[in-house]
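# Observations on the three-dimensional arrangement
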Amino acid sequence: MMFGGESRFIKWFYDITINDVPLVGGKNASLGEMYRELTPQGINVPNGFAIKAEAYRYLLRAGDMESRIRNILAGLDTRDVEDLRKRGSQIRGLILGSSLPLDLEQEIITAYEMLSDGQSPPADVAVRSSATAEDLPDASFAGQQETYLNVQGRLGLTSACLRCFASLFTDRAISYRVDRGFDHFKVALSIGVQKMVRSDLASSGVMFTLDTETGFRDVVLINAAYGLGENVVQGSVNPDEYYVFKPTLKTGHRPILQKLVGTKEFKLVYDIGGGKMVKNVPVPSGDRAKFAINDDEILLLARWACLIEDHYTKRHGQSTPMDIEWAKDGHTGEMFIVQARPETVQSRKAAEVIETYKLKQRGSVLTTGRGVGEKIASGPVRVIKSAQFIEQFKEGEILVTDKTDPDWEPIMKKAAAIVTNRGGRTCHAAIVSRELGVPAVVGTVDGTEKLKDGQVVTVSCAEGDIGFVYDGRLQFDVERTSLSRDLIRPHTKIMMNVGNPEEAFALSFIPNDGVGHHHHLHQGSSACPIGLRASHRSRSKIGDRPSNSWLPGQTAVLCRQAGPRSSDDRGSVLPEGCHSSSQ
């Protein structure tokens, strides 16, 4: 099907490249780039169009709003949460109280009708905000603005567009721009209108082309849950977690290193009737205990992730790990990529210094979850049940809540640590926690029940995959090891023997000639842990070193398969092409 050419305010995905960020924002530029360049390689990207950032500027000019918005923001202190809330509400009310200029509205409707291609009822679409300063290498605007799903009809679309424009001034977006030094009026908003993938009838999730906690580059981490993807992105559910080893995948094997079942209590589905477009419904207990996607789908997503990373690495002229959203269509069974952006935390870390946190003592464990980051922090607990009460939070406290979605950003930066009942490692709250350098334990299930206001606790994310919340203020050390000085290689090769496989990715960054795992056979074990032989390929050169200097060896990736296990235990698959060994 052919679409009309570019107009004043509309640009179709097939006409967009990654160079069009000033015109259509980071999200739309990436969607267009993938639609043009990667669909020929077999990656499915739903079609759509961008409403250019010029449309947003035109709306402000038509309503003479810029000067009024500047006056509202004058003298703002983002640390005063109540004042921030009042000013943000005023600005959003100003935009929502206006109307789209008629010529802009007509172009949007015409493009929507072309996308619908005469179907009745017209196409259901996702309406996604795309800021023109979005997804820059040194900042992540992900989640700052709004997305609307299952939007149908002319009125529904134009209303969602107006709400997207207003969401450039959500409290969290205002706070983020002020704290990062972005001029409010040098950031504009484009909107992506994209055909929906019916993942409400199947599953969806997020994947990263590196390990989100350590920055280890040789794995793809995939999170999956049932229904539309917002639950995973916003941390509303505890998703499945899968690891795939990239070097072996690229040789044609099936190296799924680890599969962990999440609780996946709810799924986001289409709503019928009323004013709501989507709603959460419970997932049957039998489905919760199952993996949301099968091994073939895991491997397909991992291959696509590698292709996307390779494409953007070539485009940018440097290694570019990616943060990718995917969805499975429940009608056709096909997989789709619905967003991709550069990863902005681990890929930007300086490699010259290794910082290691170690507990000097242990206390009673109050709760556990998925650890985010590798730090330790202590402080008094502050349990906040709703974003309505975030002004109660004081700097240096441990934030404890059900989930931390983007509305909590103004206080996340003041927290010593964060603990949530729900969410996985790829949810938006986890991404922001990493960006802020704040340790977080997500998906505890019972954090708000076990932890009480004023109770002093220690949050530790320094003990592998699992994050712990201990009773009391525990002592810990922080070791900082500089790798920037010349380290002369000894005659003996230095091989690391790892006792805890969960630490293998992190330990790979210590200069070594390989990482292995010593194991014993235990009664009742159906299989033993394995170590993939470490290669001596350097991942990256650190600083300017002579040829005899240390370089980090590639980790021997570990996987293990225990005997009978519950849905909460870690399981793994012995990758084809890997060799079981002990060191």
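Residues numbered from 1 in each chain as written. Predicted model: local features only at pLDDT ≥ 70, side-chain atom pairs only at ≥ 80, totals over all residues. Heavy atoms only, no water.

### Digging into the overall build of the chain
Helix and strand counts for the chain come out as 15 helices and 27 strands. Taken over 583 residues, the chain has a buried fraction of 57%. When contacts within the chain are restricted to residue pairs at least 6 apart in sequence, those whose partners lie at least 24 apart make up 68%. In the form shown here, the chain has an accessible surface area of approximately 23800 Å², with 50% of it arising from carbon and sulfur atoms. (Helix = DSSP H or I, 4+ residues; strand = E, 2+ residues; numbered from the N terminus. Buried < 20%, exposed > 50% of the residue type's maximum accessible area, 1.4 Å probe, protein only. Contact = heavy atoms within 4.5 Å. Areas by Shrake-Rupley, 256 points an atom, 1.4 Å probe, with all protein chains shown as cover.)

### Description of the side chain of His 311
Relative to the helices and strands, His 311 resides in helix 11 (residues 295-316). Classification of His 311 by relative accessible area gives buried; the value is 16%. Engagement of the side chain of His 311 in a polar contact is seen with the side chain of Glu 33, the distance being 2.7 Å. Contacts of His 311, omitting those with residues within four sequence positions, involve Glu 33, Glu 37 and Leu 38. (Polar contact = N/O pair within 3.5 Å; in protein donor to acceptor, adjacent residues only side chain to side chain.)

### Section: the packing of helix 5 (residues 102-116) against helix 6 (residues 154-166)
Helix 6 packs onto helix 5 with a crossing angle of 125 degrees between their chain directions and a minimal axis gap of 10 Å. Considering their axes alone, helix 5 and helix 6 lie oblique with respect to each other. Along this stretch, helix 5 crosses helix 6, giving a crossing that reads as right-handed. Between helix 5 and helix 6, the contacting residues are Glu 105, Ile 108, Ile 109, Tyr 112 and Glu 113 on the first element and Arg 154, Leu 157, Thr 158 and Cys 161 on the second. Here the contact of helix 5 with helix 6 is composed, by residue class, of five nonpolar, one polar and three charged. (Axes fitted to C-alpha atoms, helices over the stretch in contact; angles between N-to-C directions. Parallel < 35°, antiparallel > 145°, perpendicular 65-115°, else oblique. Left-handed = near helix turned anticlockwise from the far one by under 90°. Nonpolar A, V, L, I, M, F, W, Y, C, P; charged D, E, K, R; others polar.)

### Overview of unusual backbone geometry
Here the amide bond leading from Ser 120 into Pro 121 is cis, since omega sits at 0 degrees, within 30 degrees of zero. Mapped onto the elements of the fold, Pro 121 is located in the loop between helix 5 and strand 3 (125-131). For Asn 150, which is not glycine, the phi torsion reads 55 degrees and is therefore positive. Among the structural elements, Asn 150 can be located in strand 4 (residues 147-151). Take Asn 150: its relative accessible area is 11%, and that puts it in the buried class. Here the phi dihedral of Lys 264 falls at roughly 45 degrees; this positive angle occurs in a residue that is not glycine.

### Points about helix 5
Under the 1.5 Å per step criterion, the end-to-end length of helix 5 is 21 Å for 15 residues, consistent within 8% with the ideal 21 Å. All of the buried residues in helix 5 are Leu 104, Ile 108, Ile 109, Ala 111, Tyr 112, Leu 115 and Ser 116. For helix 5, the arc enclosing every buried residue in end-on projection is 165 degrees, short of the 170-degree limit, so these residues lie on one face. The first or second residue beyond helix 5 is Asp 117, which carries a positive phi of 55 degrees. (Expected span 1.5 Å × (residues − 1). Arc of directions from axis to C-beta.)

### Examining the pattern of salt bridges
Counted by the stated rule, this structure contains 33 salt bridges. A salt bridge links Glu 82 to Arg 85, with the shortest nitrogen-to-oxygen separation between them at 3.4 Å. Taken together, the residues span about one helical turn, with Glu 82 and Arg 85 both in helix 4 (residues 81-96) at a distance of three residues. A network of salt bridges, in which partner residues are shared, links Glu 241, Arg 370, Arg 425 and Asp 465. (Salt bridge = Lys/Arg side-chain N within 4 Å of Asp/Glu carboxyl O.)

### Details of the environment of Lys 259
Positionally, Lys 259 belongs in strand 9 (residues 256-260). By relative accessible area, which is 12% here, Lys 259 ends up buried. The spatial distance from the C-alpha of Lys 259 to the C-alpha of Asp 295 is 9.6 Å, given a sequence separation of 36 residues. Among the polar contacts listed, one links the side chain of Lys 259 to the side chain of Asp 295, at a separation of 2.7 Å.

### As for the sheet that holds strand 19 (residues 440-442)
Ordered by their spatial adjacency, seven strands build a closed barrel running 15-19-18-17-16-20-21, and the pairing between neighbours is mixed. Pairs of neighbouring strands in the sheet enclose a mean axial angle of 35 degrees, with direction left out of account. Bridge count for strand 18 (residues 417-420) against strand 19 is two bridges, and the pairing is parallel. Each bridged residue has a counterpart across the sheet, and for Ile 418 the counterpart in strand 19 is Ala 440. (Pairing = 2+ DSSP bridges.)

### Points about the packing of helix 3 (residues 66-73) against helix 4
With their axes 9 Å apart at the nearest point, helix 3 and helix 4 run at an angle of 170 degrees to one another. Put simply, helix 3 runs roughly antiparallel to helix 4. Residues Arg 68, Ile 69, Ile 72 and Leu 73 of helix 3 form the contact with helix 4, whose participating residues are Arg 87, Gln 90, Ile 91 and Leu 94. Considering only residue class, the contact of helix 3 with helix 4 consists of five nonpolar, one polar and two charged.

### Things to note about the environment of Leu 451
Within the element layout of this structure, Leu 451 appears in the loop between helix 14 (447-450) and strand 20 (456-460). Between the C-alpha atom of Leu 451 and that of Val 383, which follows or precedes it by 68 residues, the distance is 7.6 Å. Once you skip the residues sitting within four places of it in the chain, Leu 451 turns out to touch Leu 366, Thr 367, Val 381, Val 383, Val 400, Val 419, Val 457 and Val 469.

### Observations regarding the packing of aromatic side chains
This structure, assessed with the given rule, holds eight aromatic pairs. Ring geometry for Phe 468 against Tyr 470: centres 5.7 Å apart, planes inclined by 15 degrees, an arrangement best described as stacked. Of the two residues examined, Phe 468 and Tyr 470, each falls in the buried class. The ring centre of Tyr 58 lies 4.6 Å from the NZ or CZ of Arg 8, which sits over that ring. One residue, Arg 198, lies across the ring of Tyr 270, its end atom 3.9 Å from the ring centre. (Phe/Tyr/Trp six-rings, centres within 6.5 Å; stacked < 30°, edge-to-face > 60°. Lys NZ or Arg CZ within 6 Å of the ring centre and 35° of its normal.)

### Concerning the sheet that holds strand 3
Judged by pairing direction, the sheet is antiparallel, and its five strands sit side by side in the order 1-2-5-3-4 without closing on themselves. Pairing within the sheet leaves two strands with one partner each, and these edge strands are strand 1 (10-12) and strand 4. Recorded for the sheet is a direction-independent mean angle of 20 degrees between the axes of neighbouring strands. Across the sheet, helix 1 (residues 21-37) is in contact with strand 1, strand 2 (48-51), strand 3, strand 4 and strand 5 (189-195); its angle to strand 3 comes to roughly 130 degrees.

### Things to note about the confidence of the model for the chain
Averaged over all residues, the pLDDT of the chain is 83; the fraction at 70 or higher stands at 82%. In the predicted structure, residues 134-141 sits below a pLDDT of 50 and forms 25 contacts with residues beyond four places in sequence or in another chain. The low-confidence segment residues 519-583 (pLDDT under 50) makes 161 contacts with residues lying over four places distant or belonging to another chain. (pLDDT = per-residue confidence, 0-100.)

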